[in-house]
Amino acid sequence: MEEKIKIALAQTSCKRENKAENLAKMEKATTKAKKQNADLVIFPELSLTGYVVRDQIYELAETIPGQSTKIIENLAKKTKTHIVFGMPELSEKTQSTIYNTAVLVGPEGFIGKYRKMYLPTHSVFEEKRYFRPGYQTAVFDTKLGKIGLIICYDIFFPEVSRLTRLKGAQLIVCISASPAVRRAFFETLTVARAIENTAFLAYVNLVGIEDGLQFWGGSRLVGPNGKVLAQAKLDEEDLVICDIDYADIRPVETFVPTLRDLRPELFDKLKSQAENL
Amino acid sequence: MKVYRLELTPSVLNLDWQEVETKIKRFIKDYVEKSEAKGIIVSLSGGLDSSTVAALSALAIGGSKVLGLMLPEKETFNAKDIEHAKNVAKKFRLKSQMCDITPTLEAFYKTIPIFDPTEKVCKGNVKARARIVYVYYYANKLNLIVCGSSDKSETMMGYFTKWGDVAADIYPIMDLYKTQVRKLAQHIGIPKEIETKPSTPALWPGQLAESELGIKYEQLDLILYGLEHFMKPQEIAEQLSIEKQLVTKIKNRWLSAEHKRRMLLTSKLEYRTIGTDFRLPRSNY
């Protein structure tokens with residue numbers, strides 16, 4: 001495993017319902033990132049299709065592995081990079097059960113996927129209308145370290161990041177489609193999740209306007225001590241290359257030993273209280 | 001359990017006006033570019049809302065791509081309003097044109113067998129709907145996006161003409177209450193005399209929005225803000241030291257006007273129904 005890696009925060013906008021154009025954009029960004037020696041390129045939530053696609057999701061969803069993941073796998077092989085991107089995933093067992101999924105591929109092909117657990121269905125969001133929630137957190141042991149995947153609203157629920165960390169994630173990748181009115185929440189939560197888990201957190205948000213929703217960008221890499229190590233532009237496309245040195249985790253783990261100090265008995269209490277809210 | 005209440009003071013309506021301006025300009029520019037239109041048309045009355053929308057459009061895409069269409073008619077003609085509209089056009093360097101719609105209106109009045117000149121609302125709505133016919137003619141002919149000027153206060157209250165002044169492609173200030181539009185107008189440099197003059201839909205002579213609504217916008221906006229934030233009428237009335245009856249009246253008016261805001265209602269008969277369960281993106285760009 002590499003101790004130092006370079007990641008690319010590929011903050012893109014999407015052409016809605018146009019996978020070919022979005023795939024072409026991913027290829028361009030990945031090639032550009034590779035030229036700057038990026039090992040891992042991260043794209044936003046539902047970057048394959050756009051976020052506000054509503055009923056069109058049934059036409060757009062694909063199985064994983066499937067046609068689009070094959071294209072991204074080939075891109076990863078060709079560029080010798082790892083890539084994370086978001087797409088609507090069609091269940092292999094039914095014809096219209098869809099998940100909001102993050103996919104991780106590497107130079108050797110498909111590595112794994114994560115199905116979003118917390119689906120916002122309030123305000124402008126209607127994800128539960130379209131998606132089935134995932135039931136598993138996801139951490140993958142890769143050449144670039146142990147990478148955990150979470151998606152957008154999951155970050156409001158510390159247990160998702162915590163579980164990925166307890167499974168060993170050193171880098172938590174959060175892909176997102178967050179509208180501008182929620183910027184302050186994400187700026188705080190990305191830092192909080194990194195600190196409380198003493199892990200790196202790479203947040204990659206969408207930009208552009210979809211049905212009046214303005215996505216704010218502001219993708220960032222946060223270090224295990226909560227320091228924002230790199231930040232993409234607000235409101236416009238950007239490609240930010242930044243460095244992760246996993247050696248930074250150890251001193252923080254001793255300085256703020258949140259993992260050593262975990263109190264598992266509280267989790268039982270949390271469960272019983274949550275069941276009786 | 002003690003419930004902590006939202007404090008309903010004028011400061012709740014404060015926003016970062018620079019940020020609001022930026023977001024609205026980006027919204028306008030993005031829509032025009034993606035729809036491959038040549039620009040924007042605004043029905044420019046010389047009032048606060050249309051002046052603000054016209055100015056924001058000009059700031060977003062350049063005044064040369066914005067057409068302010070003045071549509072006066074003889075009953076409500078007000079030279080001051082025309083002067084104000086022209087001032088805005090000049091200051092923000094947008095193009096303007098004027099069409100006197102009086103002959104069109106008279107033709108309507110003459111050819112409607114049941115026309116009753118004393119029914120001022122019916123007659124006034126003809127004016128609002130006639131104006132939009134002109135606006136959409138220009139939009140079709142010149143490939144322009146119609147920018148609506150409706151604000152949140154009027155839209156929530158249903159204080160507009162169905163299929164009339166509210167008809168547009170985009171509504172850049174519809175998420176701002178009237179008093180917030182005034183602040184935004186001030187921020188972008190709309191002349192003071194426009195910002196402070198009383199609002200009127202100009203459907204009949206002497207018509208004033210606040211008299212018709214029966215409440216000052218400063219108070220109305222706080223009531224609507226409270227309703228928007230799920231506050232109960234009792235709570236709003238207590239906080240603003242007003243009668244609960246007034247808040248209930250406003251609430252009922254807001255709720256009963258939903259038919260003017262959410263159109264295309266049919267009876268559910270088939271698998272996916274227009275207006276209720278077709279949920280499609282507005283466009284694929």
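Position labels on residues start from 1 in each chain and follow its written sequence. Lettering for chains starts from A, numbering for ligands starts from 1, and both go in the order in which the items are written. With the structure being a predicted model, the display of local features is reserved for residues of pLDDT at least 70 and the display and counting of side-chain atom pairs for 80 or more, all residues being used for whole-chain, interface and lining totals.

Trainee: Would you mind going over the overall build of chain A with me for this structure?
Mentor: Helix and strand definitions here come from DSSP, where helices need a minimum of 4 consecutive H or I residues and strands a minimum of 2 consecutive E residues; each element is numbered from the N-terminal end. The secondary structure content of chain A amounts to eight helices and 14 strands. For 277 residues, the compact-globule formula gives about 19 Å, and the C-alpha radius of gyration of chain A, at 18 Å, lands near that figure. Taking the principal axes of its C-alpha atoms as reference, chain A extends roughly 50 × 50 × 35 Å. Partly exposed residues are those whose C-beta has more than 12 but fewer than 20 other C-beta atoms within 10 Å; 20 or more makes a residue buried and 12 or fewer makes it exposed, with C-beta atoms placed from the backbone. Per-residue burial over chain A gives 50% buried out of 277 residues. Restricting the contact set of chain A to residue pairs at least 6 apart, pairs at least 24 apart contribute 69%. Computation of the radius of gyration draws on C-alpha atoms alone. For the globule rule, the value is 2.2 Å times the number of residues to the power 0.38. For every residue pair, C-beta atoms are placed from the backbone, and the pair is scored as a contact if these atoms sit within 7 Å.

Trainee: I would appreciate a short explanation of the overall build of chain B in the present structure.
Mentor: Counting its secondary structure elements, chain B contains 13 helices and four strands. Taken over the C-alpha trace, chain B has a radius of gyration of 20 Å; the compact-globule value for 285 residues is 19 Å, and the two agree within 12%. Across its three principal axes, chain B shows a C-alpha extent of roughly 60 × 50 × 50 Å. Looking at the 285 residues of chain B, the share that counts as buried comes to 36%. Contacts spanning at least 24 positions in sequence make up 72% of the contacts within chain B whose residues lie at least 6 apart.

Trainee: Is there a simple way to explain the interface of chain A and chain B in this structure?
Mentor: A common way to express how large an interface is: the accessible area buried when the components associate. Counting residues at the interface gives 15 residues for chain A and eleven residues for chain B. Side-chain classes follow a simple rule in which Ala, Val, Leu, Ile, Met, Phe, Trp, Tyr, Cys and Pro form the nonpolar group, Asp, Glu, Lys and Arg form the charged group, and the remainder, Gly included, forms the polar group. Across the side of chain A that touches chain B, the residue classes tally to four nonpolar, four polar and seven charged.

Trainee: Explanation requested: the packing of helix 4 (residues 102–111) of chain B against helix 5 (residues 120–142) of chain B in the structure shown.
Mentor: Axes are the key here: two packed helices are described by the angle between their axes and the distance separating the axes. Residue and element names in this part refer to chain B. Where helices are involved, their axes are fitted lines through C-alpha atoms of the stretch in contact, as for all axes, and angles between N-to-C directions lie from 0 to 180°. Running from amino to carboxyl end, helix 4 crosses helix 5 at an angle of 130°, the nearest separation of the two axes being 10 Å. Accordingly, the angle class assigned to the pair helix 4 and helix 5 is oblique. Crossing handedness for the pair helix 4 and helix 5: right-handed. Note on element contacts: helix 5 touches helix 4 through Val 126, Lys 127 and Ala 130, opposite Thr 104, Leu 105 and Phe 108. When grouped by side-chain class, the residues that make up the contact of helix 4 with helix 5 number four nonpolar, one polar and one charged. Here the angle decides the label: under 35 degrees means roughly parallel, over 145 means roughly antiparallel, 65 to 115 means roughly perpendicular, and every other value means oblique. Take the far helix as your reference; a near helix turned counterclockwise from it by less than a right angle gives a left-handed crossing, and one turned clockwise gives a right-handed crossing.

Trainee: Explain the nonpolar core here, please?
Mentor: Across soluble globular proteins, nonpolar side chains have a tendency to be buried as a group. Judged by nonpolar contacts, the single largest core of 81 residues is most densely connected at A:Ala8, A:Ile42, A:Val84 and A:Ala202. Counting residues per element, this core draws most heavily on strand 4 (residues 98–106) of chain A, which supplies six residues. If we skip the residues at most four places from it in the chain, A:Ala202 touches A:Ile7, A:Leu9, A:Ile42, A:Leu171, A:Val173 and A:Leu221. Formed by 63 residues, the second largest nonpolar core is a distinct cluster that contains B:Ile132, B:Phe160, B:Leu203 and B:Val247. Note on terminology: a nonpolar core is a set of buried residues of type Ala, Val, Leu, Ile, Met, Phe, Trp, Tyr or Cys, with members joined through C-beta atoms within 7 Å.

Trainee: How do you make sense of the environment of A:Arg220 when you look at a structure like this?
Mentor: All names here are of chain A. Mapping Arg 220 onto the fold places it in strand 12 (residues 220–222). Taking the C-beta count within 10 Å as the criterion, Arg 220 has 25 such neighbours and is therefore assigned buried. When near neighbours in sequence (up to four residues on either side) are disregarded, Arg 220 contacts Thr 190, Tyr 203, Val 228, Ala 230, Gln 231 and Ala 232.

Trainee: Please clarify how helix 10 (residues 217–228) of chain B should be interpreted in this entry.
Mentor: An α-helix turns once every 3.6 residues. As a result, residues three or four positions apart point the same way. Residue and element names in this part refer to chain B. For helix 10, which comprises twelve residues, the first-to-last C-alpha distance of 16 Å matches the rise-based estimate of 16 Å (1.5 Å per residue) to within 8%. Of all the residues in helix 10, the buried ones are Tyr 217, Leu 220, Asp 221, Leu 222, Ile 223, Leu 224, Tyr 225 and Gly 226. Buried positions along helix 10 lie against helix 6 (152–157), helix 7 (178–188), helix 9 (209–213), helix 11 (233–240) and helix 12 (244–256). Phe 230 lies just past helix 10 and shows a positive phi near 60°. Expected helix span is taken as 1.5 Å per residue step, with the number of steps being one fewer than the number of residues.

Trainee: What's the story with the pairing of strand 13 (residues 228–231) of chain A in this structure? I'm lost.
Mentor: Moving residue by residue along a regular strand, the side chains alternate between the two faces of the sheet. All names here are of chain A. For two strands to pair, DSSP has to find at least two bridges joining them. With three bridges connecting them, strand 12 and strand 13 associate as antiparallel partners. Residue Arg 220 lies in a different strand from strand 13, and its bridge partner there is Gln 231. Once strand 12 ends, the chain turns through five residues before running back antiparallel as strand 13, passing Gly 226 with a positive phi of about 90°.

Trainee: What's the story with the sheet that holds strand 1 (residues 4–11) of chain A in this structure? I'm lost.
Mentor: Through backbone hydrogen bonds, the strands of a sheet pair up, either in parallel or in antiparallel fashion. All names here are of chain A. The six strands are arranged 5-4-3-2-1-14 in an open sheet whose pairing can be described as mixed. Taken across any chain shown, the strands that pair with only one partner, and hence form the sheet edges, are strand 5 (109–115) and strand 14 (238–245). Taking each pair of neighbouring strands and ignoring which way they run, the sheet shows an average axis angle of 30°. Note: strand 4 against strand 5, six bridges, orientation antiparallel. Looking at the pairing, Leu 104 lines up with Gly 112 of strand 5. Those strands touched by helix 1 (residues 19–35) are strand 1, strand 2 (40–42), strand 3 (82–90) and strand 14, and its axis lies near 45° from that of strand 14.

Trainee: What is the right way to read unusual backbone geometry from this model?
Mentor: Trans peptide bonds make up most of the peptide bonds, and negative phi angles are found at most residues other than glycine. Of note, the amide linkage connecting A:Ile64 to A:Pro65 takes the cis form, showing an omega dihedral of -5°. By secondary structure assignment, the location of A:Pro65 is in the loop between helix 2 (57–60) and helix 3 (67–79). Of note, the phi angle at B:Asn143 is positive, near 55°, even though the residue is not glycine. Tracing the backbone shows B:Asn143 in the loop between helix 5 and strand 4 (144–146). Here the phi dihedral of B:Ala202 falls at roughly 55°; this positive angle occurs in a residue that is not glycine. The topology assignment puts B:Ala202 in the loop between helix 8 (192–196) and helix 9. C-beta crowding within 10 Å serves as the criterion here: with 23 such atoms nearby, B:Ala202 is assigned to the buried category.

Trainee: For this particular structure, what's the right way to read the pairing of strand 4 of chain A?
Mentor: Residues and elements named next belong to chain A. For strand 4, the tally of buried residues reaches nine of nine residues, placing the bulk of the element in the interior. Across the two faces of strand 4 the burial is the same, with Ile 98, Asn 100, Ala 102, Leu 104 and Gly 106 and Tyr 99, Thr 101, Val 103 and Val 105 all buried. As defined by bridge partners, strand 3 adjoins strand 4 across eight bridges and the pair is classed as antiparallel. Its bridge partner being in strand 4, Pro 88 is matched across the sheet by Asn 100. Between the antiparallel neighbours strand 4 and strand 5 lie two residues.

Trainee: I tried to follow the sheet that holds strand 8 (residues 171–176) of chain A on my own but got confused; where do I start?
Mentor: Residues and elements named next belong to chain A. Read across the open sheet, the six strands follow the order 6-7-8-9-12-13; overall the sheet is mixed. Where the open sheet ends on each side, the last strands, each with one partner, are strand 6 (138–142) and strand 13. For this sheet, the mean inter-axis angle between neighbouring strands, taken without regard to orientation, is 20°. Across five bridges, strand 6 lies against strand 7 (residues 145–151) in antiparallel orientation.

Trainee: What should I look at first to understand the environment of B:Gln186 in this one?
Mentor: Following the sequence through the fold, B:Gln186 ends up in helix 7. On a C-alpha basis, the gap between B:Gln186 and B:Gly47 in space is 13 Å, while along the polypeptide they are 139 residues apart.

Such coordinate-based values are descriptive only and should not be taken to indicate function.
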